[in-house]
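Examination of the molecular architecture
The lines below spell out each chain.
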Amino acid sequence: MSVRVERLSKQFAGAVAVSDASFAAPSGAITTLLGPSGSGKTTLLRLIAGLEVPDEGSVFLDGHECTGVPVQKRGVGFVFQGHALFEHLSVRENVAFGLRVRRFPAREIGERVDELLELVQLRDHGRRQPAQLSGGQRQRVAFARALATRPRVLLLDEPFGSLDARVRIELRAWLRRLHDKTQLTTVLVTHDQEEALELSQHVVVLHAGRVEQSGSPLEIYDHPASRFVASFVGEANVLHGHIRDGRASVGPHTLSAPAGVREGATVHAFVRPHDVQIAHARGVGPPLAGAVVEDLSRVGGSVKIALRLDSGERLAIRMAKGGFDGLRLARGDRVQVELKGAKVFVEEGIGT
Amino acid sequence: MKAADAAVRRLTRRRGILPGFRLTFGFTVLYLSLVVLLPLGALVLRSTQLSWAQFAAAVSGPRALAAYRLSFFASLLGALINLVFGSVLAWVLTRYRFPGKALADALVDLPFALPTAVAGIALTAVYAENGFIGRYLVANGVHVAFAPAGVVVALTFVGLPFVVRTLQPVLLDLDPAMEEAAAVLGAGRLRVLARVIAPAMLPTLLTGFALSFARALGEYGSVVFISGNMPLKTEIVPLLIFTRLEQYDVGGATAIAVVMLAGSFALLLGIHAIGMVGRRRPARSQVVA
């Protein structure tokens with residue numbers, strides 16, 4: 001069961017929410033729609049579910065066009081950010097809702113509800129009211145309710161967005177296990193890039209209603225297709241420079257640049273915090289790429305180091321505690337910096 | 001005194017976080033006593049000047065019984081009509097955007113603001129034999145003015161805003177995702193309304209109904225003109241009380257008033273109790289992770 005959307009567009013009172021978006025979510029995988037707030041990711045998900053009608057474009061479920069099919073008949077499961085449970089019904093009745101609508105025989109409903117409560121590990125909570133559950137439990141009930149009718153696709157709209165950080169991480173692992181069991185084609189909306197990279201086999205990065213890049217998490221992280229993707233997915237430092245002799249000259253560093261760029265064009269080099277190597281500045285004369293340690297902070301097993309380059313730009317780096325201890329760095333030390341990897345983007349238009 | 005002091009302290013001890021409980025609670029008791037309980041108490045006291053036989057005779061005459069019946073059923077009917085159509089109105093005013101919405105919203109409040117006697121005269125003018133609507137109704141044998149139906153019309157008019165204004169904020173607060181969730185699960189519009197929205201609104205519907213009902217029971221001004229005040233036929237309890245007062249039968253008036261008071265109080269208490277049962281959810285502290 002795959003999901004494909006083609007050239008979808010949607011405006012709300014003149015404001016563009018989704019613009020000419022196309023992507024395909026592979027069958028049986030978790031696909032993430034990743035983007036900042038206002039990027040149109042939730043609208044895109046609602047268009048797939050049939051909760052919104054597109055201005056243009058088509059939605060295909062399993063190869064069949066279903067753009068005009070009403071939400072009740074799409075056969076999708078949907079989990080909302082704020083669980084949206086029926087507060088006046090017990091947990092069991094919430095899960096049974098979709099089955100009752102479809103007029104399943106009572107016995108079958110009972111069995112299916114038991115099965116689902118088992119699946120979401122809430123077997124003993126069936127008689128509770130939603131108000132008696134914790135946030136994480138409520139969200140699990142919402143999953144069970146969405147899965148009860150055996151949907152062909154599971155659509156998740158920031159399902160962990162309203163939960164606190166610890167529960168969020170727990171539920172992330174839980175969702176991973178759940179998906180291993182069900183193998184259901186899943187589309188997940190999130191603004192949390194960590195969630196996207198950890199949970200999904202396929203990531204679609206959205207920006208201002210458009211699809212910026214679509215690919216595996218590794219592709220997105222290692223080979224960002226645009227400046228936006230490079231800065232939004234994963235932490236990155238941005239250093240500025242110019243094209244000189246066909247290569248990017250960023251401060252004292254010279255990096256390879258895409259072929260055929262104009263001499264003097266402005267470049268933005270994106271450097272991951274762990275792609276920087278530093279060493280104490282030694283010997284006489286100014287080091288090739290010098291910097292001063294401005295701040296150090298330990299975060300669990302890794303150390304964040306804030307550097308001020310001689311060019312005036314700042315660079316945040318991160319290294320494992322072991323490597324850091326060997327360096328014996330202190331605030332104010334001069335260090336030498338080497339960039340192990342950088343992604344260079346050349347600005348279109350006039351350079352200086 | 002000491003025992004009372006201890007009781008107050010026991011009540012207040014748990015309220016450590018929000019300051020001022022004693023002061024505000026004391027004020028609440030005083031205020032309710034002065035404004036509500038004192039006049040009502042005086043009323044009851046006054047009625048005790050009658051002997052039991054006098055009291056029974058005053059409250060159970062055929063005229064009084066007819067008035068109770070009319071007051072109760074007309075108020076009930078008015079409140080029920082308001083419950084249905086007030087819900088529709090509140091729904092339209094919260095869910096949709098349309099030209100003239102602000103005007104419609106303001107119109108709902110008019111029965112609040114209008115002196116009820118004016119409303120009564122206006123309604124009478126419309127429904128009387130030569131009135132705007134009345135002439136067609138009477139021609140077809142339907143009598144509204146100077147008939148029990150007129151009482152219902154007047155009581156519906158004064159009770160309407162109570163239902164609408166009670167429902168509106170709660171409808172606005174209803175999570176639209178709940179309805180969408182039901183739709184994704186395959187529920188059509190009617191089922192969403194019956195199975196998701198109505199149950200969530202039930203306590204509020206009850207409150208709106210109770211307010212409208214209570215208002216109707218006590219209403220006087222608008223009914224006087226349209227009902228015609230025929231004893232045994234179109235005389236409501238407040239009017240009967242007034243008639244007794246006019247005849248300097250203060251004892252009889254207070255006796256009927258006491259019955260009316262007890263009845264209204266019992267009804268309101270009953271409706272509240274139903275609402276409490278519907279709303280009761282175990283406390284958060286009972287949550288087991």
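Thresholds applied
- The residue numbering used here restarts from 1 in each chain and proceeds along that chain's sequence as written.
- The order in which chains are written sets their letters, starting at A; the order in which ligands are written sets their numbers, starting at 1.
- Where local features are concerned, this predicted model is filtered to residues with pLDDT of at least 70; where side-chain atom pairs are given and counted, the filter is 80 or more; whole-chain, interface and lining totals use all residues.
- Side-chain figures throughout are based on the complete set of non-hydrogen atoms in the structure, without hydrogens or water.
- For two strands to count as paired, DSSP must find a minimum of two bridges between them.
- The numbering of helices and of strands both runs from the N terminus, where a helix is a DSSP run of H or I of at least 4 residues and a strand a run of E of at least 2.
- Every axis in this analysis is a line fitted to C-alpha atoms, fitted for helices over the stretch in contact. Angles between the N-to-C directions lie between 0 and 180 degrees.
- Throughout, a residue-residue contact means that at least one pair of heavy atoms, one from each residue, lies within 4.5 Å.
- In this document the domain limits rely on a domain assignment from an automatic tool or a database.
- Once two parts are put together, the accessible area they lose, assessed with a 1.4 Å probe and summed over both, is termed the buried area.
- Every case where a carboxyl oxygen of Asp or Glu lies within 4 Å of a side-chain nitrogen of Lys or Arg is listed as a salt bridge.
- The definition of a polar contact used here is a pair of N or O atoms within 3.5 Å, where within protein one atom must be able to donate a hydrogen and the other to accept one, and adjacent residues in sequence count solely through side-chain atom pairs.
- Polar here means any residue other than Ala, Val, Leu, Ile, Met, Phe, Trp, Tyr, Cys and Pro, which are nonpolar, and Asp, Glu, Lys and Arg, which are charged; Gly is therefore polar.
- Given a helix with a known number of residues, its expected span is that number minus one, times 1.5 Å.
- Think of it in three bands: residues with accessible area under 20% of the maximum for their type are buried, residues over 50% are exposed, and the middle band is partly exposed, with areas taken using a 1.4 Å probe on protein chains only.
- Note that the arc is defined by the directions from the helix axis to the C-beta atoms.

**Observations concerning the sheet that holds strand β7 (residues 153-157) of chain A**
Strand pairing within a sheet occurs via backbone hydrogen bonds; the two strands may be parallel or antiparallel. Residue and element names in this part refer to chain A. With mixed pairing, the 6 strands of this open sheet are ordered in space as β6-β7-β8-β3-β9-β10. Where the open sheet ends on each side, the last strands, each with one partner, are β6 (76-79) and β10 (210-215). Averaged over neighbouring strand pairs, the angle between their axes works out to 15° when direction is ignored. Sheet strands touched by helix α4 (residues 135-147): β6 and β7. Its angle to β6, the strand with the most contacts, is close to 170°.

**Examining the pairing of strand β2 (residues 15-25) of chain A**
Consecutive side chains of a regular strand alternate in pointing toward one face of the sheet and then the other. Residue and element names in this part refer to chain A. Two strands pair when backbone bridges link them, and strand β1 (residues 3-12) and β2 are joined in this way by 7 bridges, in the antiparallel orientation. Of the residues in β2, the one forming a bridge with V5 is F23. Counting the residues between successive antiparallel strands, the hairpin from β1 to β2 contains 2 residues, one of them, A13, with a positive phi of roughly 45°.

**As for the domain arrangement of chain B**
Residue and element names in this part refer to chain B. Once the domains are mapped, chain B shows domain 1 (18-48) and domain 2 (51-280). Using only C-alpha atoms to locate each centre, domain 1 and domain 2 end up separated by 27 Å. Contact with domain 1, which involves 5 residues of that partner, is made by 7 residues of domain 2. Summing both partners gives a buried area of about 540 Å² for domain 1 against domain 2, and 82% of it is carried by carbon and sulfur. For domain 1, the biggest contributors to the area lost against domain 2 are L43, R46 and S47; these three give 74% of the whole. Between domain 1 and domain 2 we count 0 salt bridges in total. Across the domain 1-domain 2 interface, the total number found is 0 residue pairs in polar contact (both at pLDDT 80 or more). Taken together, the residues of the side of domain 1 that touches domain 2 break down into 3 nonpolar, 1 polar and 1 charged.

**A closer look at the domain arrangement of chain A**
Residues and elements named next belong to chain A. When the domains of chain A are assigned, the result is domain 1 (3-231) and domain 2 (237-346). Once you take the C-alpha centre of each, domain 1 and domain 2 turn out to be 40 Å apart. Taken together, the contacts link 7 residues of domain 1 with 6 residues of domain 2. Buried surface at the junction of domain 1 and domain 2, summed over both partners, amounts to about 680 Å²; 60% is from carbon and sulfur atoms. Broken down residue by residue, the surface that domain 1 buries against domain 2 is led by Y221, R227 and A230, which jointly contribute 71%. Counting every contact that joins domain 1 to domain 2 gives 0 salt bridges.

**A short note on the sheet that holds strand β13 (residues 253-255) of chain A**
Residues and elements named next belong to chain A. One open sheet accounts for 5 strands, arranged β13-β12-β11-β14-β20; its pairing is antiparallel. Of all the strands in the sheet, just β13 and β20 (343-346) have a single pairing partner and so form its edges. Averaged over all pairs of adjacent strands, the angle between their axes in this sheet comes to 35°, without regard to strand direction. Relative to β20, strand β14 (residues 266-271) is paired through 4 bridges, and the arrangement is antiparallel. Paired with V267 across the two strands is V346, which belongs to β20.

**As for helix α3 (residues 106-119) of chain A**
Since the α-helix packs 3.6 residues into each turn, any two residues three or four apart lie on the same face. Residue and element names in this part refer to chain A. Taking 1.5 Å of rise per residue, 14 residues should cover 20 Å, and α3 covers 20 Å from first to last C-alpha, within 8% of that figure. Considered for burial, the residues of α3 that qualify are I109, R112, V113, L116 and L117. Seen along its axis, α3 keeps its buried residues to an arc of 135°; they face one direction. Looking at the buried residues of α3, the elements they touch are α2 (91-101) and α4. Looking one or two residues past α3, Q121 carries a phi angle of roughly 60°, positive in sign.

**Considering the interface of chain B and chain A**
The interface of chain B with chain A comprises 23 residues on the first partner and 30 residues on the second. Of the roughly 2200 Å² buried between chain B and chain A, counting both surfaces, carbon and sulfur atoms make up 61%. Here chain B is connected to chain A by 1 salt bridge. Here B:E180 makes a salt bridge to A:R46, at a shortest N to O gap of 2.6 Å. Applying the counting rule to chain B against chain A returns 4 residue pairs in polar contact (both at pLDDT 80 or more).

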